Amino acid sequence: MHPSIARRSLLKRTLAGLGCAAAILLTPLSLQMARAAEPEKDELKLGFIKLTDMAPLAIAYEKGYFEDEGLYVTLEAQANWKVLLDRVITGELDGAHMLAGQPLGATIGFGTKAEVVTAFSMDLNGNGITVSNSVWEEMKKHVPMENGKPVHPIKADALKPVIEQYKAQGKPFNLGMVFPVSTHNYELRYWLAAGGINPGYYAPAKGDITGTLNADALLSVTPPPQMPSTMEAGTIDGYCVGEPWNQQAVIKGIGVPVITDYEIWKNNPEKVFGVSKTWADANPETHKRLVKALIRAAMWLDENGNANRQEAVQILARPEYVGADAKVIANSMTGTFEYEKGDTREVPDFNVFFRYHATYPFYSDAIWYLTQMRRWGQIGEAKPDSWYLDVAKQVYLPDIYRNAAAELVADGLAKSTDFPAASEEGFRAPSNEFIDGLTYDGRQPNAYINQFSIGLKADSAL
C-alpha cells in the first residue's frame, strides 16, 4: 500500500476511536461544520488512466480535499479504458476518471450497455495529434511557412496528399486513438474530415464496428502510454492522445505533434468523473462530497494564472500517477506546447481545469459527443433533437454539481461567481471556434450534423 494511503486509513480509525470531542480537535475545519447527512460510504477506490488530465484526482488526494469531506480514497491506475469502465460498472471501482463519451456510449448501448452518469467534468482541451517523422517530412511540403516555421493551426489539408501517396503505393495509412467513444477519436475524425479525408464509418446494424467503412485513413485503438512505441515500431503513422504522450514523441525524437485539440475546437470538453447510476442512487451524499473535493482540486490547479502547475507537475510525475519525466509533463501542463523539437509555443489553455466553467456538466457538451456518434454511424438511426437532450439529461447531473458548489460557497471555499448563473439551462453559447468554422448549437443537433460535407446526414443510414 502507498504510505499516504496507509496513513490516511490510520487517521480515520484513530478519529473513530477517540470519540466526538477529540475528533473535533483533530479534523479539518470543513469537517467540523454541520452536515445534513453523513456519507453513505467513506472508503472509496477510484480509477484513472496515466494521463495528466487525471490531475484533479491526484490533487484532491494530495491536498487532503477528500479527507476534508470525510472520504478516505485509494487511487488506482487502470490498464486501459475498457477495463476502467467495466470495473466501474461491476462496482470494483466506486468511480473513475473517464472519457466523456464513455457514460454516453454505455447509456445508449454502443459497446458495453450500462447506466453510467457524471456530475463533474474534469477538464477542457489537453490532447494533440502527432505524426511520425517521415509523415511530417511529407506533410511539411504542403504547410504554409513564416520565418522558417510552420503557420499554425496546421490543417489536415496538408496530410491529404500524403495519404494519397500511400494509396498509390497500395499501403494503408494507420492512425491510433484511445477508444471508439473517446474525445480523441472524434477530434481526430473532425480534423481529418475538415481536410477532406474520410476517417470511415461504423455500421453496427451490419455487424461492422471497426469504424473503417469507406475510410481514407484507418483509425484503431492503442492505449495512451503505448502510442509512442507503437508509432516508433511503424504499426501506426500517427495518433491522437492526451499528454504527456505527444510530448514524449518530441523528447524521443520519433514524431511531431502537428495540432492541439484547442486548435480543433477551442475549449472543448475532455474527461469526466463517472460513476454507475446504481452507485449514484445509493450514495448521494458521498457523490456530492466527491464533487466538492474535485471542484476544490480544479480550482487549485488553475488559480493565480496556473501558479500551482509546477507543483502539480512534480506530483503527477510520481510513478503512482502518470509516471513520466517531469520535464515531459511540464512541456504542456505549464502553458506551453512543443511541436517540432525546439518549436515551443505559448498555449496557456492547453490544460484547463476550472476556468470557463470547465467542471460544470453542461448538457450541450454531452450533445456534441452524441452528434459525433451519429455523424460516424455509432448511432445508426435518425433521432429527433429531443432525443439528444433526453440522453444528456440521463447522463449529466448538474443538480449534484450545483449542490456541491453551494456548500463550497457556504463554507467560504468558493464564490458564487465561480460557477454558472442559477438561470443557466445547461447549454453553452453557440460557438464557431472550430477548425472548419462551423457553428455548434447544442439546442439544434440535427441542424449541426447536416452542416458537414463528410459524415452521415441526420436522417441517413448505412
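The model shown is predicted, which means the values in this text are computed figures rather than measured ones.

Cut-offs applied
Residues numbered from 1 in each chain as written. Predicted model: local features only at pLDDT ≥ 70, side-chain atom pairs only at ≥ 80, totals over all residues. Heavy atoms only, no water. Helix = DSSP H or I, 4+ residues; strand = E, 2+ residues; numbered from the N terminus. Rg over C-alpha atoms; globule rule 2.2 N^0.38 Å. Buried < 20%, exposed > 50% of the residue type's maximum accessible area, 1.4 Å probe, protein only. Contact = heavy atoms within 4.5 Å. Areas by Shrake-Rupley, 256 points an atom, 1.4 Å probe, with all protein chains shown as cover. Axes fitted to C-alpha atoms, helices over the stretch in contact; angles between N-to-C directions. Left-handed = near helix turned anticlockwise from the far one by under 90°. Nonpolar A, V, L, I, M, F, W, Y, C, P; charged D, E, K, R; others polar. pLDDT = per-residue confidence, 0-100. Polar contact = N/O pair within 3.5 Å; in protein donor to acceptor, adjacent residues only side chain to side chain.

A. Spotlight on the overall build of the chain. In terms of helices and strands, the chain carries 21 helices and 18 strands. For 462 residues, the compact-globule estimate of 2.2 N^0.38 gives 23 Å, and the chain sits close to it at 22 Å. In terms of principal-axis extent, the alpha carbons of the chain reach across some 80 × 50 × 35 Å. Split into buried and exposed, the 462 residues of the chain put 58% on the buried side. Within the chain, residue pairs in contact and separated by at least 24 positions form 74% of the contacts whose partners lie at least 6 positions apart. Here the chain displays about 17400 Å² of accessible surface, and carbon together with sulfur accounts for 53% of that area.

B. The environment of Ser 229, seen in detail. With respect to the element layout, Ser 229 can be found in helix α11 (residues 227-232). Along the chain, Ser 229 and Gly 323 lie 94 residues apart, while their C-alpha atoms are 16 Å from each other.

C. The packing of helix α15 (residues 284-306) against helix α20 (residues 398-410), seen in detail. Remark: α15 packs on α20, axes separated minimally by 9 Å, with the N-to-C direction vectors making an angle of 65°. Crossing handedness for the pair α15 and α20: right-handed. Mapping the contact onto sequence places His 287, Lys 288, Val 291, Lys 292, Ile 295 and Arg 296 in α15 and Ile 400, Tyr 401, Asn 403, Ala 404, Ala 405, Glu 407 and Leu 408 in α20. Among the residues forming the contact of α15 with α20, the class breakdown is seven nonpolar, two polar and four charged.

D. Structural detail: the confidence of the model for the chain. With 92% of its residues at a pLDDT of 70 or more, the chain has an overall mean of 92. pLDDT under 50 marks residues 1-7. Its contacts with residues more than four places away, or in other chains, come to six contacts. The model gives residues 9-34 a pLDDT under 50, and that stretch makes 20 contacts with residues more than four places away or in other chains.

E. The arrangement of the environment of Tyr 339 in detail. Tracing the backbone shows Tyr 339 in the loop between β16 (336-338) and β17 (344-346). Along the sequence, Tyr 339 and Arg 428 sit 89 residues apart, while their C-alpha atoms lie 30 Å from each other. For Tyr 339, the side chain forms a polar contact with the side chain of Glu 263, separated by 3.3 Å.

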